[in-house]
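A closer look at the structure
Here's the letter readout for the chains.
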Amino acid sequence: VYEILAGDQGDFIINDRTGLITIAPGVVLSVGRSYALTVKASDSAPPAQRRSSITTVYIEVLPPNNQSPPRFPQLMYSLEVSEAMRIGAVLLNLQAFDREGDPIRYLIQNGDPQQVFNLSQSSGLLALGKPLDRESTDRYILIVTASDGRPDGTSTATVNIVVTDVNDNGPIFDMFLPKNLSVQEEEANAFVGQVRATDPDAGVNGQVHYSLANFNNLFRITSNGSIYTAVKLNREVRDYYELIVEATDGAVDPRRSTLTLAIKVLDIDDNSPVFTNASYTVCVPENLPPGTVFLQIEAKDVDLGSNVTYRIRTQEALQYFALNKYTGELSLLKSLDYESFSDTEATFTFLVEAFDSKGTMPPGIATVTVRVKDMNDYSPVFSKKLYRGMVAPDAVKGTVITTVSAEDQDPPGTPASRVRYKVDVVQFPYSASIFDVEETSGRVVTRVNLNEEPSTVFKLVVIAYDDGDPVKSNTTTVEIAVLQPSVIPRFTQDEYRPPPVSESAPKGTVVAVVMAAALNQTIVYSIVSGNEEDVFAINNRTGVISVKKSLDYESVKSYELRVQADSLQVVRSNLRVPSKSNTAKVFIEVKDENDHAPVFTKKMYIGGVSEDAKMFSSVLKVKADDKDTGNYSAMQYRLIIPPIKDGKEGFVIEAYTGLIKTAMLFKNMRRSYFKFQVIATDNYGKGLSSKADVLVSVVNQLDMQVIVSNVPPTLVEQNKDQLIGILERYVQDQIPGATVVVESIGARRFGDGYSEEDYTKSDLMVYAIDPQTNRAIMRNELFKFLDGKLLDINKEFQPYLGQGGRILEIRTPDVVANVKKQAQAVGYTEGALLALAVIIILCCMPAILIVMVSYRQRQAECAKTARIQMALPAGKPASTAGYHFQQSMSKKLFFMKGCFSSCLGFSNIWKINRTLPPVSLSSSLLSTQHLSPAKHSKPPAKQPAVLPPAPVPEPPPRRELKGILKNIQNLAAIEKSVANMYSQIDKNHVLPKHISKLKPVATPELPTPEAVAEHNQQNGSLSCVVEELEKRFPSQSTAL
């Protein structure tokens, strides 16, 4: 439902259903008048739920005829359009309004001759009709009209369009500049050429920058396009470059253009000729005729237009060799003789040089070594023309019959002088089939096991030849006679196995006796093999084998000798005849003796034991080795330990394993150490001995570090020795000789209080012992030694921890970490106690000052009393002054004791009372004699006679004496203490010079009962004085 709420002034009505506003009947509107109607629209819901909305309608009364043209909102429009704007894009809405609401027609009247823009005639929308190009036209000024059709119903507006630039043009090189350039070699910063490029874009889009796309290390380009060499160019390495120059504009996404320049490097004479080989080696046979060319050398000069020539530089070579200066051919001037050279190798070394005949550079040099080849001038020559030998009819294969020898006169060490042997199989082929000659030694041996008739004689031709060029040889003949079996001795045994001989057997000890026999022959024995070190000797007539040199079981445990028996006739002819029967084997076993003492693996064993170690905990293991065998190498260990306490030894050792264990508890013994010795005795404690030192240091977890790794504890346990060896090496870099000890290996502990365990990782707890201090290295120092090298340690741990295994961290042990937390909590209580102690000390300071001031005042009073006493007539008592002084000093001393007792606690009163001087109240203190400032002197030699004791009158009823006065015999000691106190006063307060000092008096004897009674009558009973003091100071009476 619609209704007009206000503003109609009765001139308008509204249809409540359609909302049509019409002029009220009979109303005539005035031209130019305007209205603002408030219109309400409501729905048809019940009044309580009804909803509505209000709007304002503006009405203006116009004249009856069309008298106003269309109007543009602005007379001038300005906008910027990118030249990359797409065709058809709407640039501007030029819609005008007409008051009468007549239709409007829009046109571009001027400014667009190319019809780049399209203007909708009905809507006034200005759109882009053709592509823009800022480089050709960068601004448009359009005159736009809007007309309602009447002659005077047209209005105009101006549209100013600025075309903005986009980076749509790349740099363009100037193609008229030269592109083929050249530069001379060996010049740095040499100008090569210049390029130039332009970019028609505006602003940074048109700024050109140059760079090189290749050879940046050889050339450089400046901002103006000039190109220079960055280093010295070498034409011989490269004489031509294709340099790519790149030009880019300054846009964010720049455009690029490239230009390729051809640069030729110009040559200069900057290289010497270089030989193809730095050295030439040639082998020249001796005796070649002069003029023979044996080598051609060659050198090249990489410079252009070079002319290389050659010459021999070493003057001594000019008498043997000639060099063609153009071709480089080396030839002989005379024949060479190998034997004329004195050195082992016949060589001649000289220098040749090549130079550029047109250049200025130094010549190139090469070395030529000429080796003169020996041409085998001599043949081998045998020492005999005929060799003879004898052999048994049953000789086995390989039996040596005789030895041939030949020499060659060619230079030693040359192939031509090396002689070898072989059998001539052409002559005497049967002999060649059963006999042979060793190639290098010349020994004639049986090729097969013989079975020949006795008395047969064989001839064998042996050839000696060298390795020269050409090969030269010579021959000799060997006659071999087969002996009768009766003249060949036969051993009683093929093998002899005597009892073992002790390694400590002296020289001459008989080892074995061999025996052989032959018919009507004298037998000669010899050792033919197995005795290369000449350890044994054999009697050639008796066959007794004895020790010739000392035996050593640890070096050689057994010997196998081969002995031979020959007839004396054969021996005299120097033709021994080995056979099956005249040779035998002797097996000699060496018996071991205990001739080596044990040797410990270390001179000192260093270990540690924890404070909380239980009884018989393992500490370390010692080991000794013995070169002997059997029981002689079986060890028994024992310890030599100085007594520790209560007769305990502290450690024990397992006798046969060497494991040292604890034999006491080490509670609260950290930083202690024990040094003792371990003795190893072989033969289960019955043989030889040796000793080593053992150091055991007491530690706890304050000395340890935990090495956390990401591998299980079992893997760490398996490789414990290798890992500890690595750690020990890094610690020893800082402290030589230090030993790293494993305390425990377990699962990694973590969490609050380290209460949780992770068995996939491990904790290795270690500490280190310093052999200089015999104590554990401080935990913080051990951390520095290891943590600083953690990367290197991890590299060395890698082979033992496996792939990915490494140390995660090095931390303090669990107990130490927990103690630190508790210490932080306890720190507040310690602070409070410390503050309380400071307060107590501050409160006691005034009392101490009062005592000091009072003491000085009393010192002055004492001096004054002494002066008065000296002025009195002799014998006049001064008991009153003495009594007041005594009473005052007693009070001050009691007060001083009380103050110190308050400060230090009443538990220490007894100690303070003993340190303070005792105060005497004896009768002698009341005498004027003791107030003298003079020091006591020694008593005179003669003492006055003491009256015999007399009955002492009963004193008036008084309280019983207490403390030290109960026994009057102590009065002398008390009196002496007071005298010492007076002496101290005398030192501090010297009397004036005009007052004469009293003569020193002797310390009096103990008073007699009569003297005590008399003194009591004059000065009052001594018990009265004590009673008075007890009333004033009841708490100190006992101490007094």
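For the structure, see preceding data.
First, a word on what this report is: a plain description of the structure on this page. Just so you know, these numbers come straight off a predicted model, no measurement behind them.

This model, assessed by the stated rule, comprises 27 aromatic pairs. Each ring, one from Phe600 and one from Tyr605, has its centre 6.2 Å from the other, and the planes form 75°; the classification is edge-to-face. Considered together, Phe600 and Tyr605 belong to a single accessibility category, that of buried residues. An aromatic cluster is defined as three or more aromatic residues linked by ring pairs; in this entry it consists of Phe294, Tyr320, Phe321, Phe348 and Phe350. Lying over the aromatic face of Tyr465, Lys422 brings its terminal NZ or CZ to 5.1 Å of the ring centre. The ring of Tyr553 has Lys557 sitting right over it, with the charged end atom 5.2 Å from the ring centre.

Applying the stated criterion to the full structure yields 30 salt bridges. For Asp436, the salt bridge goes to Arg447, with nearest N and O atoms at 3.5 Å. Highlighted residues: Asp436 in strand β36 (residues 435-437) and Arg447 in the loop between β37 (443-446) and β38 (457-466), separated in sequence by 11 residues. Classification of Asp436 by relative accessible area gives partly exposed; the value is 24%. Taking the relative accessible area as the measure of exposure, Arg447 reaches 34% and is therefore partly exposed. Between Arg749 and Glu757 there is a salt bridge, with its nearest N and O atoms 3.1 Å apart. Under the relative-accessibility criterion, Glu757 is labelled partly exposed at 39%. Where salt bridges share partners, they join Arg749, Glu757, Asp763, Arg811 and Asp814 into one cluster.

A few words now on the environment of Gln115. Mapping Gln115 onto the fold places it in the loop between β8 (105-110) and β9 (117-119). The exposure class assigned to Gln115 is exposed, which follows from its relative accessible area of 57%. Taking the C-alpha atoms as reference points, Gln115 and Gly129, 14 residues apart in sequence, are found 7.2 Å from one another.

The rules we used
- Residues numbered from 1 in each chain as written.
- Predicted model: local features only at pLDDT ≥ 70, side-chain atom pairs only at ≥ 80, totals over all residues.
- Heavy atoms only, no water.
- Phe/Tyr/Trp six-rings, centres within 6.5 Å; stacked < 30°, edge-to-face > 60°.
- Buried < 20%, exposed > 50% of the residue type's maximum accessible area, 1.4 Å probe, protein only.
- Lys NZ or Arg CZ within 6 Å of the ring centre and 35° of its normal.
- Salt bridge = Lys/Arg side-chain N within 4 Å of Asp/Glu carboxyl O.
- Helix = DSSP H or I, 4+ residues; strand = E, 2+ residues; numbered from the N terminus.

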